[in-house]
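Working through the structure, step by step
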Amino acid sequence: MSHWIIAPIILPALLAPFIVLAARYHIGIQRVLSVAGVVALIALSAALAWQVTDGSVMYYRLGDWAAPFGIVIVGDRLSTMMILLTSVLALFVLLYAIGSNWDNRGRHFHALFQFQLMGILGAFLTGDLFNLFVFFEVLLIASYGLMIHAGGKARLRAGVQYVLFNLIGSTLFLFALGSIYAETGTLNMADLSQRLAFVDPAETVGIRVAAVLLLLVFAIKAALVPLHFWLPSSYAEAPAPVAALFAIMTKVGAYSIIRVYTMVFPPEVDATSGLHDLWLLPAALVSLAIGAIGVLAARKMDRLVAYSVVGSMGMVMVAIALFTPQGIAAALYYIVHSTLAAAILFLVSDLVRIGRGNVDLTVQSPMAGTYLTAAFFFAGAIAMAGLPPLSGFLGKLLVLDAAFDRPLMVWVWAIVLTSSLISVVGFARAGSLVFWKAHSIDPPDQDDQSAPDTARPGILAYGAVGGLFALLVAHTVFAGPVHDYTTKMAGQLFQPDEYISVVLETPGKLSKPKETQ
Amino acid sequence: MSLFFIVALPFLGALLPGVMNAAGRAACAGVTFVVTLMAFVGLLTNLPAVLAGQVVTARIDWMPQLGLNFTLMLDGLGFFFAFLILGIGLLIIAYGRHYLSRNDNMGEFFTYLLLFQGAMVGIVLSDNILLLLVFWELTSLSSFLLIGYWKHLPEGRQGARMALAVTGMGGLAMIGGLMMLGQIAGSYELSVILQNREAIQADPLYTPALLLILLGCFTKSAQFPFHFWLPHAMAAPTPVSAYLHSATMVKAGIFLMARLWPVLSGTPEWFVIVTTAGLVTMVLGAVIALFKHDLKALLAFSTVSHLGLITMLLGTGTAFGVFAAVFHILNHATFKAALFMSAGIVDHEAKTRDIRQLGGLRHLMPVTFVIATIAALSMAGIPLLNGFLSKEMMLEATTKTVLFDIWWLVPALATFGSLMSAAYCFRFIGHTFLGPRRDDYPAQPHDPNPGMWMPPAILVVLVIVIGIAPALAEPFVKLVTNAVLGTAAEVPDKHIKIWHGLIPALYMSIVAIIGGLFVMAVFKPLLRFWESRARPEAKPMFEGFVEGIAVIARFVTHRLHNGAFTRYAMIGFVTIVAAGYHAWVTGTVGDATRAMQQVGPVPIAGWAMLVAATCGLVILHRNRFLALMMIGIVGLMVSVGFVYFSAPDLAMTQFTVEVVTIILLLLALNFLPKGTPIESTPLRRVRDASVAIIGGLATFALAFHYMLRDAVTTPISEFHLANSYKGGGGTNVVNVILVDFRGFDTYGEIIVLGIAALLIYALTETLLDGPVRRKLLNRVPDQPRAGDMHPMMMVVLTRVTMPVVLLVGFYIFLRGHNEPGGGFISGLIVSIAVVMQYMASGFHWASDRLRYPYHGVIGAGVLIAGLTGIGSWFVTKPFLTSDFTYVRIPPFNEFELATAALFDLGVFLAVVGAVMLSLESFSRLARRANVEDSEYPMDIDPSRDDPPDARADAPTGGG
């Protein structure tokens, strides 16, 4: 049995305590270790992703206990793509954090960062719902630590709301797991999908409520309206590199929905039909609208970006809620795009903060490094609002295409296009105010000592944003192959036989396949 | 040259001006010119093929599954537009080089201009309509940047945003329309779509698709009622106005209508919408243009008017209409760009564009005068100039167009529009160049250098040549017309002639010109009349509209996200309960499979206490200390419950966790107010209470339901029970599950614990670095402190019991695998032993004697657990695979050694470290400035001989 598939979880899980143990007073060593770790993660994830391109499923039994009795790690096309995306994003975010010195403004940034990665990667790789809960806990607690990194009143207040709301989510997760276990006697996803066949048609309430509760847990993570309230202020108040990393956290929720609700509770299962297939799409459309409206309403740039994240999650959920291979393929393409675009915009808003000391959408004198910052903002806004030529536009076309001839098509098209327009207007107003109108007021007197020092962000910071932007461009240029691959992923998700047989039929310690079934 | 290069060159070239900016203005403009020239020459290399009637294509797959591909095609129509775009582009670049001042960033300007140029060429060469959309929106974006080029001007910023919003809206609508079109035709390739006229027009989606596409075209080409953005786009530098907003971009909508003419036109919907919009725009634009004082605004509205004219011609749906439209596109591009450039020259030299401040310039700027006059006369429709020819063809076309069953409507309005058009042309010439020479120009006007007047001069030469010898242009115009018509209609067998004979169009022309002269004669009273009337102003209306939307957006957003957590939680709970309820009522409920168990009096009593304590917590929670005690009782009862349900492990864990939690919370309470104030209205509390009760009842119902039913098949716990000893080497199933069956979960959970401690530390550390530090150091406790903070009895007792407690912890740790216990519980017990030392002798004293930093303990614990897991790799087993063996070391009995114990050691260390680090972090907050840290373990120590009064005022904080 190859151990590589577990390595992306173990590596940060060992690196983080090592940093705490040996390097907690040496920011230089922490940086080197952290970057090296993430680079290694990229290599690992890329190799793993490459391994499963042929549609095979990698599988790992922890403690040698076979599923469903022990915990299993499963790598298929989808999960390896998600871990690759996470580790690549992490590298640029980390470089930005180092370049802007964010990592040195509080304690334990790098250890928490690694733990955070461990949680996210674990969530993408696990094949067991309870283990998913554990990784949700890991990523929640680490994200809380990162969110309040460097402190500050507003940040702490937002952090408390963040952690409280997510504790509601965790509690609900436990309820959902309890319900599912009580109903089916297992928490392994593959096993679960098999056991649903045993559900008595005359006794479906148990599994129905369980399925809905679990979906709501993931919806909280994915910031689906009306469970999104934790997101705007916490993402806006979080340190920018952390918010940029959080761009992948909402995707954990989306990923979980895709995974569980295509394999375990697909719409064609009678026992659980008429639930999420009914109300998820309207909720997603409302999210999309609320996000766009928030973009127009925001008075600060970081909050504007946070609302655009709500909107883009709405878009992802619209695509998922179609529950067709085409829709899921579009959603996966859009997930990559939205992660990169959101990260770029959060970092750009930090560049603005460095340049002029705040991100209020008010007229202030021009800042240092305007041209490059403005260019990145413009590009990020185009991507986020879904204008050509960047991947947001392509993603939007894919979603529209997938929604064609489906129920609620008119609504989907109308809301997708209108919300795009509203975001365009919102972004244009904000950008024009910050980058253009600044030139209409006189620059502060050079001799005036009281004028605030405007700093210029470091080259590493710009490089990190540029790197993310390059990825976005690549995601656009190679949209064809990428979308081909996401289509294959969706195909694999809707034909989970391979996944299920690999997980359930490989023997482990003291058990033979199907022995106890 | 490959079509790809023609499209790509401007984009690639857009990188150059910024780079060359530092090399000087000439170099910057030079590279831009060369890039455009290369694309232009590349286009010309395809001319023979186009003339031969071939369609040049190029193709690269982009997203074949979606149908979005990089397919380009060059036919007559595409060539015509590309020729205009690149040809006029060359002139504009030459002109712009001299137009921009030294204060303008030329690199930025030419970068945007090339981006626009590439996008525009892309539109006209696209074979794929989705690709066309990409370029379409790109022109909107680059136009946004160019209009806002002068960032300091509010008109520029507002105009840019308005243009982006309006054309962006149209573009988004067009996404919908074109996608529908593609879905109907089964392909997004124009070459396929254009073959499917019948299928498309018969499809129920034809009308929505048509409406959406026309919305895009009308916004882009400034057709009524979306015409208002174009005049405000004139805030851009004049080369931009001449290029984007008269010659090229605004013709994109017209281009698309022409491109899709074979499949969309010919239906009543098309005819009514397009013809009406064109006609209204033509008349309205001409009327407004007449009364504009700003030269560029006058030209802008005249552009609106002429675009309306072309739109109307396309709307007629006849081959002759298309023929006239194509010819007028060519003519309009020549004379209008020349006019804009002339207006720019006037502005540049006289430093004003206000026609009221001008006049008599013919003496000062003879060259400009000649150029502008010829161009304006062409626009007015004076014979021997090209404008006359196409205008007459237009008038001829209108005589055959009947709208709303009124035969005279279209010709009359068209004549009126031409009349007004002639009038504003005369005004442009008369009020700017004719009349007496003035002495109050803002600057001393004179003809500019040839670099500025050559480009319009070249265009004017074309105006005259086509006007005198239309036969030269005719084959080309017919080629383009043929490309537009496709297979839908035949090119009309007519010739462009100066003299057609005495046809109605001639009379209409004469009426228009004479009428125009007459209007000029009575212009002053007309102007007074015009200005005395209130007119709807588009800009304040538009801005008010957008601002209104923004206000609504703000209202919605801020009302929804008001920052009150209770509201968020309330909405969340209601959503959860509602979704669960929906799932419940739509499902089926079967009979219970388990019987209710008998309940004895003791459990009922315990249950009652649990409920009472919980209710007490809710009632008493405003007193935080009492609330903490209630929490303790609840925890205790839960532990007892675990014992009752035969789960001693859980009970022990719960119990020790309770102890540690209470201690930590007590520490935290030290810094918090003793009570919780009432912050919400009674009504809101009733609301929250109802939600909470409903949530509780729902949870109860659900749990009750599940407890009365078996799982659908054997639960996996049966396997755990059966194999705990055989496979895990332990008889305590709970422990084996924790460290073996599901050791990976435990691994995750100890990491959670470790992170929690790290973040408590990081949080307090940040607090101690910040402004809170002073507040904390100087705080005065709101309640009296104990006189003897470190009582001797306690100190002695904790010291004595410490080894015992440690031994108990060790014992619990070792027996864990088979009996209740394990690393987690033992870690908590050991922590309690150490915590007691802190409580007895204070933080300072205890931490001075600390040899192992807790950070390290956490790190070591997590590392040991992880390395234990990795250890199994060396025997080619998966992560965390356990093994055990039995050894016998005399004189002891045989005992078991399990790798799981090593893992458990990691758990133990992580727990100890986490608990202690959290405690230590809290304690650090407790230090105060005016209180000395004691160096002694207890305050009153008989064995010490320093005088008691020296210690009296030195009680330490913390602990």
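Since the structure is predicted, the reported quantities are computational estimates derived from the model, not experimental observations.

A separate point is the overall build of chain A. Scanning chain A for helices and strands turns up 20 helices and 2 strands. Its C-alpha atoms give chain A a radius of gyration of 23 Å, within 12% of the compact-globule value 24 Å for 517 residues. Referenced to the eigenvectors of the C-alpha coordinate spread, the extents of chain A come out at roughly 85 × 60 × 40 Å. Within chain A, buried positions represent 71% of all 517 residues. By sequence separation, contacts in chain A at least 24 residues apart represent 80% of the contacts at least 6 residues apart. Accessible surface, chain A: about 14,400 Å² in total, of which carbon and sulfur atoms supply 64%. Separation of charge centres in chain A, based on 28 positive and 29 negative side chains, amounts to 7 Å.

Residues and elements named next belong to chain B. In terms of domain boundaries, chain B breaks down into domain 1 (1-264), domain 2 (267-521), domain 3 (562-586 + 600-710) and domain 4 (730-959). Using C-alpha coordinates to define each centre, domain 1 is positioned 23 Å away from domain 2. Across the contact, 48 residues belong to domain 1 and 52 residues belong to domain 2. Of the roughly 4,400 Å² buried between domain 1 and domain 2 on both sides combined, carbon and sulfur atoms contribute 78%. When the buried surface of domain 1 facing domain 2 is broken down by residue, Phe80, Tyr95 and Trp261 rank first, second and third, together holding 18% of it. Linking domain 1 with domain 2 are 0 salt bridges. Where domain 1 touches domain 2, the interface holds 13 residue pairs in polar contact (both at pLDDT 80 or more). Among the elements that make up the side of domain 1 that touches domain 2, the one with the highest residue count is helix H5 (residues 76-99) (13 residues). Tallied by class, the residues present in the side of domain 1 that touches domain 2 amount to 33 nonpolar, 11 polar and 4 charged.

This part takes up the nonpolar core. Where a protein is soluble and globular, its nonpolar side chains tend to be buried together. Membership of the largest hydrophobic core comes to 509 residues, with the highest contact counts inside it found for B:Phe744 and B:Tyr747. Those residues within four positions of B:Phe744 in sequence are excluded, and the remaining contacts are A:Ile6, A:Ile9, A:Ile10, A:Leu62, A:Ile71, A:Ile73, A:Asn131, A:Phe135, B:Phe879 and B:Leu880. Judged by nonpolar contacts, the second largest core, of 6 residues, contains A:Trp65, B:Ile716, B:Val736 and B:Phe741.

According to the stated counting rule, one finds 23 salt bridges over all chains in the structure shown. A salt bridge links A:Glu203 to B:Arg709; the nearest nitrogen and oxygen atoms lie 3.1 Å apart. Here B:Arg709 lies in the loop between helix H32 (682-707) and helix H33 (717-728) and A:Glu203 lies in the loop between helix H7 (189-195) and helix H8 (205-221), a pairing that spans two chains. Using a relative accessible area of 10% as the deciding quantity, one classes A:Glu203 as buried. Under the relative-accessibility criterion, B:Arg709 is labelled buried at 12%. Where B:Lys478 meets B:Glu474, a salt bridge forms, and the shortest distance between an N and an O atom there is 3.7 Å. One end of the pair is B:Lys478 and the other is B:Glu474, both in helix H24 (residues 474-485) and 4 residues apart, which spans about a single turn. Of the two residues, B:Lys478 and B:Glu474, neither departs from the other in class, the shared state being buried.

Okay, the side chain of B:Ser126 next. Among the structural elements, B:Ser126 can be located in the loop between helix H6 (106-125) and helix H7 (129-147). Contact partners of B:Ser126, with chain neighbours within four places excluded, come to B:Thr71, B:Leu72, B:Met73, B:Leu131, B:Leu132, B:Phe135 and B:Leu190.

Residue and element names in this part refer to chain B. With 24 residues, helix H37 (residues 792-815) should cover 34 Å at 1.5 Å per step; its first-to-last C-alpha distance of 35 Å lies within 8% of that length. Met802 marks the point of greatest bend in H37, at about 40°, and the proline Pro803 comes within the next four residues. Every buried residue of H37 is listed here: Val795, Thr798, Val805, Gly809, Ile812 and Phe813. Buried positions along H37 lie against helix H31 (648-669), helix H38 (823-841) and helix H41 (899-926).

With that out of the way, let us pick up the packing of aromatic side chains. To describe a pair of aromatic rings, you give the distance between the ring centres and the angle between the ring planes. Under the definition given, this model contains 53 aromatic pairs over all chains. Judged by centre distance (6.2 Å) and plane angle (15°), the rings of A:Tyr162 and A:Phe246 are stacked. Of the two residues, A:Tyr162 sits in helix H6 (residues 153-184) while A:Phe246 sits in helix H10 (residues 240-246), which places them 84 residues apart along the sequence. Three or more aromatic residues joined by ring pairs form one cluster here, namely B:Phe40, B:Phe79, B:Phe80, B:Phe81, B:Phe83, B:Phe255 and B:Phe476. Directly above the ring of A:Trp102 sits A:Arg105, whose terminal nitrogen or CZ lies 4.3 Å from the centroid.

Quick look at the environment of A:Arg157 now. Here A:Arg157 shows up in helix H6. Note on A:Arg157: relative accessible area 55%, which makes it exposed.

What counts as what
Residues numbered from 1 in each chain as written. Chains lettered and ligands numbered in written order. Predicted model: local features only at pLDDT ≥ 70, side-chain atom pairs only at ≥ 80, totals over all residues. Heavy atoms only, no water. Helix = DSSP H or I, 4+ residues; strand = E, 2+ residues; numbered from the N terminus. Rg over C-alpha atoms; globule rule 2.2 N^0.38 Å. Buried < 20%, exposed > 50% of the residue type's maximum accessible area, 1.4 Å probe, protein only. Contact = heavy atoms within 4.5 Å. Areas by Shrake-Rupley, 256 points an atom, 1.4 Å probe, with all protein chains shown as cover. Lys, Arg positive; Asp, Glu negative; His and termini not counted. Charge placed at Lys NZ, Arg CZ, Asp CG, Glu CD. Domains from an automatic or database assignment. Buried area = accessible area lost by both parts, 1.4 Å probe. Salt bridge = Lys/Arg side-chain N within 4 Å of Asp/Glu carboxyl O. Polar contact = N/O pair within 3.5 Å; in protein donor to acceptor, adjacent residues only side chain to side chain. Nonpolar A, V, L, I, M, F, W, Y, C, P; charged D, E, K, R; others polar. Core = buried A, V, L, I, M, F, W, Y, C linked by side-chain atoms within 4.5 Å. Expected span 1.5 Å × (residues − 1). Bend = angle between axes of the 7 residues up to and from the residue. Phe/Tyr/Trp six-rings, centres within 6.5 Å; stacked < 30°, edge-to-face > 60°. Lys NZ or Arg CZ within 6 Å of the ring centre and 35° of its normal.

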